[in-house]
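An overview of the molecular structure
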Amino acid sequence: VNSVTALSCWSAKAPKEFTVFIQDFNSFVPRTNTCGELRSAHVGQQVTLYGWVQYQRQGLFLVLRDFQGLTQIVIPQDEAHSHVKKLLANAPVESVVRVTGIVAPRPPGQENPKMPTGDIEVKVEAAEILNSCKKLPFEIKDFVKKSEALRMQYRYLDLRSFQMQCNLRLRSQVVMKMREYLCNLHGFVDVETPTLFKRTPGGAKEFLVPSREVGKFYSLPQSPQQFKQLLMVGGLDRYFQVARCYRDEGSRPDRQPEFTQIDIEMSFVDQAGIQGMIEGLLQYSWPEERGSISTPFPSMTYEEALAHYGTDKPDTRFGMKIVDIGGSLRRSNIQFVQNALSYPRGAVKAICIPQGVRYLKNKDLESLKESAKSQFNQEIMEIICRPDGSLKSLLTKFLGEKQQSELIQALNMQVDDVALLAAGEHKQVCSALGSLRLETADLLEAAGLVLRDPTTFHFLWVVDFPLFLPKEENPTELESAHHPFTAPHPSDASLLYSDPTKVRSQHYDLVLNGNEVGGGSIRIHSAEQQRFVLEKVLKEDSDVLSHLLEALEFGAPPHGGIALGLDRLISLIVDAPSIRDVIAFPKSFKGRDLMGNAPDYVTPEELEPYHIQVSWPLAEKEAKKN
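- Taking an unreviewed UniProt entry as the reference, the chain is identified by name as SYDM protein belonging to Centropus unirufus.
- Quoted straight from UniProt, the Sequence similarities (unreviewed entry) entry for the chain says "Belongs to the class-II aminoacyl-tRNA synthetase family. Type 1 subfamily."

Structure below.
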């Protein structure tokens, strides 16, 4: 009996019929079964299994493991099989073995209901050690704690763990379902785009690759953005790719210098079309064991997200929204409040922490206030609702009974709630309170209050972003909020030429549980408008993009697209603590491969064809620093 799994998908030609595929895990190999499939129905059958020794007990039995599960193997004790007993009893843990034997029911009372194969065992008749294992740097068990650095150094051993096996197999299944949906059901064309290209203006920093032409370098693309737009100019209509992307972002926790996107572009589409397609794609490919997701996803403007959550990627699984209390305090005599409200973009806002008195200590509140001060240069005032319903705060002496009542009503405060108040410039206040909202959720959950259920999935579209933002290093100049190919909102198109700071974009982000998992836009398809954005607004050299600008002059169709961050999406689905837990061979947070010790030095002779010389004293200094 072979190990088979039935998969079903809709037929592209006949959408109302099922096409059934059977997965045979034992094809092309000499085993009869996997270690995870034997059941009582197999009793009496002779089987051949291959796997790793999970553990062995007193020369009586061992547990054999493969990618699908565990099987208990009974070591023979009779003299006729003494060579088999010696072989298996002395096999080190994690050695690779082949066993042949008869499936038997476990003795009464020895069944293990926690194992899918717990009703049976295999009585060995023949065995072979295919490869012995030396002493391990750590045990291959999920409950055994090991440092991430050690896991990365011995990644090939870490991959044997049950959790890593599950993560990578689920990732594979999701990608396959996405291919089915896009290519088989909706006519997308899977196209591979180049990895060696040239620098793209704006966006993240790109890796450089030397060429044999003096002074000339390739860039590794941070996304296939230009190529997918050119495919639309080429008339492909619908493009899709599981794309490898690269960003030289330095030492950033939970980011990878190389990552994977589900990259999509369509011609003659609008924002609603892209959003509907993505919602259908995720619904179709969503793992059944993670429940179902409902569509359409809710939508929120960038301004709404900032005003209510202090971020453009709100976690909507819990409340504690930011509340505007300027109206309640406008007639107060609190000087810093009046100063804030006198600014053109001044605001007074607060978040209310339910049962904050019960769950938060004084040191927690001080830590929150210090965090807002150090990160956002924002002062925070606390307000506590006493058991008698009155307010305790440094502010209450400036507030009359009516104003206190209005404040309690505005924040919907209950007994033992704690409010954190901030006043100042609108964006700074919202950003600070948004950060405190998440930090407070961490503290409340650490104290035992469940706010963010990891098995609940809250998708959200965030739309109407600004098209341009002031540069941090020079606020008088503008940069693209996302990338320079994003089209302006139709209602704001005229402002592009008169006041670009007020232009909204046709960009949209997909947020899941407070994490950005996708982003895209409707693109500029007019060469004239694209040249204006590059040269007049962003002050970029348009010659770098001359190929794209020229292509837009040859009848480019209206088009738009999106990219889903596959690593982030899968990590959220499986509730992994890091995206490194859903990538087979990830880099460390410093961008290093700890297993292969990359990047590494090369000799001057190897660099010579590329006309490059390394300043070795500087390189040695960097090496010592790292």
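**Structural notes on the sheet that holds strand S13 (residues 299-301)**
- Within the open sheet, the 8 strands sit side by side as S8-S11-S12-S24-S23-S22-S19-S13. Their pairing is mixed. Only two strands of the sheet have a single partner each, and these edge strands are strand S8 (189-190) and S13.
- Both S8 and strand S11 (residues 238-246) contribute to a ladder of 2 bridges, which runs parallel. Residue pairing across strands places Asp190 opposite Phe240, the latter belonging to S11.
- In the packing of helix H5 (residues 225-233) onto the sheet, the strands contacted are S11, strand S12 (258-267) and strand S24 (559-565), and the crossing angle to S12 comes to about 25°.
- Lying over the sheet, helix H6 (residues 271-285) contacts S12, strand S19 (459-463), strand S22 (507-512), strand S23 (515-522) and S24, oriented at roughly 35° with respect to S24.

**Here we look at the nonpolar core**
- Counting residues in each nonpolar core, the largest one holds 51 residues, and the members touching the most others are Ile264, Met277, Ile278, Leu282, Phe459 and Leu510.
- When near neighbours in sequence (up to four residues on either side) are disregarded, Met277 contacts Tyr181, Leu182, Phe188, Ile264, Met266 and Ile562.
- Grouped together as the second largest cluster of nonpolar side chains are 21 residues, Val337, Val348, Cys352 and Cys385 included.

**Details of the packing of helix H4 (residues 162-186) against helix H17 (residues 566-573)**
- It is at 10 Å that the axes of H4 and H17 come closest, and there the two elements cross at 120°. Between H4 and H17, the interaxial angle falls into the category oblique. Considering how the two elements wind past one another, H4 and H17 form a crossing that is right-handed. In this structure, H4 contributes Asn167, Leu170, Arg171, Val174, Val175 and Met178 to the contact, and H17 contributes Leu566, Asp567, Leu569, Ile570 and Ile573.

Rules behind the numbers
- Residues numbered from 1 in each chain as written.
- Predicted model: local features only at pLDDT ≥ 70, side-chain atom pairs only at ≥ 80, totals over all residues.
- Heavy atoms only, no water.
- UniProt positions renumbered as here; feature names shortened; annotations may be inferred.
- Pairing = 2+ DSSP bridges.
- Helix = DSSP H or I, 4+ residues; strand = E, 2+ residues; numbered from the N terminus.
- Contact = heavy atoms within 4.5 Å.
- Axes fitted to C-alpha atoms, helices over the stretch in contact; angles between N-to-C directions.
- Core = buried A, V, L, I, M, F, W, Y, C linked by side-chain atoms within 4.5 Å.
- Buried < 20%, exposed > 50% of the residue type's maximum accessible area, 1.4 Å probe, protein only.
- Parallel < 35°, antiparallel > 145°, perpendicular 65-115°, else oblique.
- Left-handed = near helix turned anticlockwise from the far one by under 90°.

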